[in-house]
Amino acid sequence: MSDPSPFAEVAGMSEAPNFPLRVVDGLTLPTEYRKALRPGEDWKDATGFPRQLPRYFYEVPSGIRP
């Protein structure tokens, strides 16, 4: 009999992630960023295959401190 959830016990999967970058919803970004990134929009690639652009992004600090 096979285990119904073979990936449930993968090391680290049950722990809170310790990733240093914050996830940001692209729909909450300022207008200039939304225009450039087009979060969640439908788009066709170079071969005409329909794709959906990502909605969520990692916030990468610029290293500039006020």
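Here, every reference points to the structure presented above.
Procedures and definitions
- Residues numbered from 1 in each chain as written.
- Predicted model: local features only at pLDDT ≥ 70, side-chain atom pairs only at ≥ 80, totals over all residues.
- Heavy atoms only, no water.
- Helix = DSSP H or I, 4+ residues; strand = E, 2+ residues; numbered from the N terminus.
- Buried < 20%, exposed > 50% of the residue type's maximum accessible area, 1.4 Å probe, protein only.
- Polar contact = N/O pair within 3.5 Å; in protein donor to acceptor, adjacent residues only side chain to side chain.
- 1 Å grid on protein atoms, 1.4 Å probe; cavity = no way out; pocket = protein on both sides within 12 Å on 5 of 7 lines; lining within 4 Å.
- Points joined across faces, edges and corners; volume = space filled by probe spheres on them.
- Nonpolar A, V, L, I, M, F, W, Y, C, P; charged D, E, K, R; others polar.

Draft legend 1. Region of interest: the side chain of Asp-25. By the element assignment, Asp-25 lies in strand S1 (residues 22-25). By relative accessible area, which is 18% here, Asp-25 ends up buried. Polar contacts involving the side chain of Asp-25 include one to the main-chain amide nitrogen of Leu-27, which spans 3.0 Å. Among the polar contacts made by the side chain of Asp-25, one reaches the side chain of Arg-55 at a distance of 2.7 Å.

Draft legend 2. Representation of unusual backbone geometry. Of note, the phi angle at Arg-38 is positive, near 50 degrees, even though the residue is not glycine. By the secondary structure assignment, Arg-38 is in the loop between helix H1 (31-37) and strand S2 (42-44).

Draft legend 3. Layout of the layout of surface pockets. Its boundaries defined by the atoms lining it, the largest pocket holds a volume of some 190 Å³. Arg-22, Val-24, Leu-29, Tyr-33, Phe-57, Tyr-58, Glu-59 and Val-60 together form the lining of the largest pocket. Looking at the lining of the largest pocket, the elements that each hand over two or more residues are S1 and strand S4 (56-59). A total of three residues in the lining of the largest pocket trace back to one element, the largest contributor, which is S4. Class assignment for the residues of the lining of the largest pocket results in six nonpolar, no polar and two charged.

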